[in-house]
Amino acid sequence: MAARFGVDAVGRLLGDAAQAALGRAQRVPARRALLPHAGEPLATLVTLFLLGDAVPAAAAAAAFPALGLAGARKGGLVAQGEGGSVRATVDLRPYGFVDTVGVGEWWIASDLGELASGGALREDHVLGIGGASTTLSGLMMSEPVDAALDLGTGCGIQALHAARHARRVVATDISERALDIAAFNARLNGVESIEFRLGSLYEPVAGERFDHIVSNPPFVITPRAEGVPEYEYRDGGMVGDALVREVVRGAADHLVPGGVAQLLGNWEYHRDRDAFDRVREWLTGTRLDAWFLEREVQDAAQYAETWIRDGGTRPGPEFDRLYGAWLEDFDARGVESVGFGYVTLRAARENTARGAWPMRVLERVHGSLGHNASGLGEHIAASLAARDWLAGRSDAALAAASLTVAGDVTEERHYWPGQEHPTVIVLKQGGGFGRSVRLDTGLAALVGACDGDLSVGAIIAAVAQLLEVDPADLLADLLPRVRDLVADGFLRP
């Protein structure tokens, strides 16, 4: 665009504070920031598409010098407003990112949000880029593959990301409106390798298999009650967390051997059962490695508040009515809280060793992440490779291996004043999931000596001599913990 309608230009125009306020659905700081630039093409586009405010027709015409105002109307971007003004009919915004392929920037269209519409969202609303979509794109592994599937594509953002490492992409959705907008976004950004198909879950790809499946499915748990809105972008039409279960189990029939599926999801905690006990049942009978990583848990009341407000319903009588429906549903089904997190699945290869399959990791990692400039996808891929490396090694083979400390790992030591020896030693991960591990003297000494020269067994023997303990006992104590440090990315083969 002649107006330079891009991430950097918009950021410079608005400033950090006004942009942050927009993220909180507050337009006043942005409106004030734009006042000195009224009539300028970039300010006009920001006013139209990011703030959802009407602009004079003359200003809109100047902002579309090539397309023209008539072309913008014909393309469905704008419509006639009141008093000769022009208003946006879609949310259109620049989106910048960094992944393992490199730096990129697109324009992404979606339906106007609550900020522009001023009320609750329509049930067939097509959501734009939000926290969940950027989370999933950041998790995406990006090794080159032949075919990828974006299950429930919405505005198409995951399909666009997948197209950066897959030769071809199939994007599905139950909403024709979503597919139309996703196809528009692909054309707008010059991406021609995506095929769009209408249908529910895996129905549009029956009998097909893919190297990579990504999905931000409509996992929100919504009461199946009369008068409760069912938003297509977030509600899969099933009871509780059944939709996530179906996406997980269906992946087994749609991945090539060694293929990977990555998705976001919710899982319920019932009064009498832990959520992960139920998740293990989802995986029963599937030839899938599975890594469920829970990032957050909300009690039933918090969860209801979050998603009622997400639909654009403000506090008041209607909010209270929906709140009651949500809590009644949870109480009837014995649900006390809901977990949210990341799921990575992998189909077993034909030559997978009996002792190495299946990998089942169900863990809770709440709190802040590490710093991952190009997303978590690279870390997840490295973690899978590390677990494969460990699965093929006995304790004797691990003891014979040489390891190095990952470059993002630091060590903290805490001392009582005046004391020579530390009271607490903590190993901290700067990237990845930002994990911290408390070390004792023996494990700290082993990690400190892992520079790739000596084997694990040789280091442990030397440490045992220094600590004056039995080498065999120290080896038996430390090897399982070394496995954990390799699996979590602190130590590398």
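Here the structure is a predicted model, which means the values were calculated and not measured.

Asker: Would you take a moment to explain the packing of helix α15 (residues 377–391) against helix α19 (residues 471–487) for this structure?
Answerer: When two helices pack together, their arrangement is captured by the angle between the axes and the distance separating the axes. Two elements in contact, α15 and α19, have axes separated by 8 Å at closest approach and are oriented at 150°. By the angle class used here, α15 and α19 are roughly antiparallel. Contacts between α15 and α19 involve S383, A386, R387, W389 and L390 from the first element and R483, V486 and A487 from the second.

Asker: Explain the sheet that holds strand β19 (residues 491–492) here, please?
Answerer: Strands in a sheet are paired, the pairing made by backbone hydrogen bonds, and the direction either parallel or antiparallel. Taken in spatial order, the 3 strands make up an open sheet running β18-β14-β19, and their pairing is antiparallel. The sheet is open, and its two borders are formed by β18 (451–455) and β19, each paired with just one other strand. When strand β14 (residues 402–405) meets β18, the two strands line up antiparallel, connected through 2 bridges. By the bridge assignment, T404 is partnered in β18 with D451.

Asker: How do you make sense of the nonpolar core when you look at a structure like this?
Answerer: For soluble globular proteins, nonpolar side chains are generally found buried alongside one another. In this structure, W267, F292 and L345 are the most contacted members of the largest nonpolar core, which totals 63 residues. Among the elements that make up this core, the one with the highest residue count is strand β10 (residues 255–270) (7 residues). Core analysis: the next-biggest nonpolar cluster, separate from the first, contains 32 residues, L13, A30, A33 and F49 among them.

Asker: Help me understand the packing of aromatic side chains in this model?
Answerer: For the structure on display, the rule yields 16 aromatic pairs. Ring centres of W282 and F292 lie 6.4 Å apart, and the angle between their planes is 65°; this geometry places the pair in the edge-to-face category. On the criterion of sequence distance, the pair formed by W282 in helix α12 (residues 275–283) and F292 in strand β11 (residues 288–299) is long-range, its members being 10 residues apart. Taking relative accessible area as the criterion, W282 reaches 5% and is therefore assigned buried. For F292, a relative accessible area of 0% translates into the label buried. Between F319 and Y323 the ring centres are 5.9 Å apart and the planes differ by 80°, which places this aromatic pair in the edge-to-face class. Separated by 4 residues within a single helix, F319 and Y323 lie in helix α14 (residues 317–332), roughly one turn from each other.

Asker: Even after reading the chapter, I still don't get the pairing of β11, so can you show me in this structure?
Answerer: In the case of a regular strand, side chains alternate between the two sheet surfaces. Counting buried positions over the 12 residues of β11 gives 9, a clear majority of the element. Of the strand pairs in this sheet, β11 and strand β12 (residues 335–347) are connected by 11 bridges, and their pairing is antiparallel. Paired with L293 across the two strands is Y342, which belongs to β12. Pairing analysis gives 5 bridges linking β11 to strand β13 (residues 360–364), with the strands arranged parallel. Within β13, the residue paired with A290 across the bridge is R360.

Asker: When you look at empty space enclosed by the protein in this model, what are you seeing that I'm missing?
Answerer: The rolling of a water-molecule-sized probe over the atoms marks out the regions of remaining empty space. Going through the model one piece at a time under the given rule, you end up with 4 cavities of 30 Å³ or more. Estimates place the volume of the largest cavity at around 100 Å³. Lining the largest cavity are 15 residues, and of these D99, T100, S137, M140 and S142 lie nearest its centre. For the lining of the largest cavity, the secondary-structure elements that each account for two or more residues are α8 (131–139) and α15.

Asker: Mind showing me how you'd approach the pattern of salt bridges here?
Answerer: Charged atoms that come close allow side chains of opposite charge to pair. Counted according to the given criterion, the structure contains 32 salt bridges. D488 is the salt-bridge partner of R387, the closest N and O atoms lying 3.6 Å from each other. Taken together, the residues span a long stretch of sequence, with R387 in helix α15 and D488 in the loop between α19 and β19 at a distance of 101 residues. Classification of R387 by relative accessible area gives buried; the value is 16%. R435 is the salt-bridge partner of D488, the closest N and O atoms lying 3.7 Å from each other. Of the two residues, D488 sits in the loop between α19 and β19 while R435 sits in the loop between β16 (424–429) and β17 (436–439), which places them 53 residues apart along the sequence. Of the two residues, D488 and R435, neither departs from the other in class, the shared state being buried. Among the ionic contacts, a cluster of salt bridges with common partners joins E363, R387, R435 and D488.

Asker: Would you take a moment to explain the layout of surface pockets for this structure?
Answerer: Considering only enclosed or pocket space, the second largest pocket measures out at about 350 Å³ in volume. Forming the walls of the second largest pocket are 22 residues, and the residues nearest its centre are E378, H379, A382, G489 and R492. When residues of the lining of the second largest pocket are traced back to their parent elements, those giving at least two are α15, α19 and β19. Looking at the lining of the second largest pocket, the element that brings in the most residues is α15, giving 6 residues. For the lining of the second largest pocket, the class distribution of residues is 8 nonpolar, 10 polar and 4 charged.

Asker: Help me out: how do you make sense of α19 in this one?
Answerer: In a regular helix each residue adds 1.5 Å, so 17 residues correspond to 24 Å; α19 covers 24 Å between its end C-alpha atoms and thus fits that length. Remark: the principal bend of α19, roughly 30°, maps to L478, with a proline, P480, within the next four residues. Those residues of α19 not exposed but buried are L474, L478, L479, V482, R483, L485, V486 and A487. Where α19 begins, one side-chain oxygen reaches toward the backbone nitrogen of A472, 3.0 Å away; that side chain belongs to D470. The first or second residue beyond α19 is G489, which carries a positive phi of 90°.

Asker: What is the right way to look at unusual backbone geometry in this model?
Answerer: Peptide bonds are mostly trans, and most non-glycine residues show a negative phi. The phi dihedral of A25 falls on the positive side, at around 65°, and the residue is not glycine. Following the sequence through the fold, A25 ends up in the loop between α2 (16–23) and α3 (28–34). Residue classification places A25 among the partly exposed residues on the basis of a relative accessible area of 41%.

Asker: Would you mind showing me how to read the sheet that holds strand β15 (residues 409–414) here?
Answerer: Read from one edge to the other, the open sheet built from 3 strands follows the order β15-β16-β17, with strand pairing classed as antiparallel. Each edge of the sheet is formed by a strand with only one pairing partner; in this case those strands are β15 and β17. Direction aside, neighbouring strands of the sheet carry axes that sit 25° apart on average. Summarising the sheet, β15 and β16 pair through 6 bridges and their orientation is antiparallel. By the bridge assignment, H414 is partnered in β16 with V424. In the packing of helix α17 (residues 441–448) onto the sheet, the strands contacted are β15, β16 and β17, and the crossing angle to β17 comes to about 115°.

Reading guide: rules and limits
Residues numbered from 1 in each chain as written. Predicted model: local features only at pLDDT ≥ 70, side-chain atom pairs only at ≥ 80, totals over all residues. Heavy atoms only, no water. Axes fitted to C-alpha atoms, helices over the stretch in contact; angles between N-to-C directions. Helix = DSSP H or I, 4+ residues; strand = E, 2+ residues; numbered from the N terminus. Parallel < 35°, antiparallel > 145°, perpendicular 65-115°, else oblique. Contact = heavy atoms within 4.5 Å. Pairing = 2+ DSSP bridges. Core = buried A, V, L, I, M, F, W, Y, C linked by side-chain atoms within 4.5 Å. Buried < 20%, exposed > 50% of the residue type's maximum accessible area, 1.4 Å probe, protein only. Phe/Tyr/Trp six-rings, centres within 6.5 Å; stacked < 30°, edge-to-face > 60°. 1 Å grid on protein atoms, 1.4 Å probe; cavity = no way out; pocket = protein on both sides within 12 Å on 5 of 7 lines; lining within 4 Å. Points joined across faces, edges and corners; volume = space filled by probe spheres on them. Salt bridge = Lys/Arg side-chain N within 4 Å of Asp/Glu carboxyl O. Nonpolar A, V, L, I, M, F, W, Y, C, P; charged D, E, K, R; others polar. Expected span 1.5 Å × (residues − 1). Bend = angle between axes of the 7 residues up to and from the residue. Polar contact = N/O pair within 3.5 Å; in protein donor to acceptor, adjacent residues only side chain to side chain.

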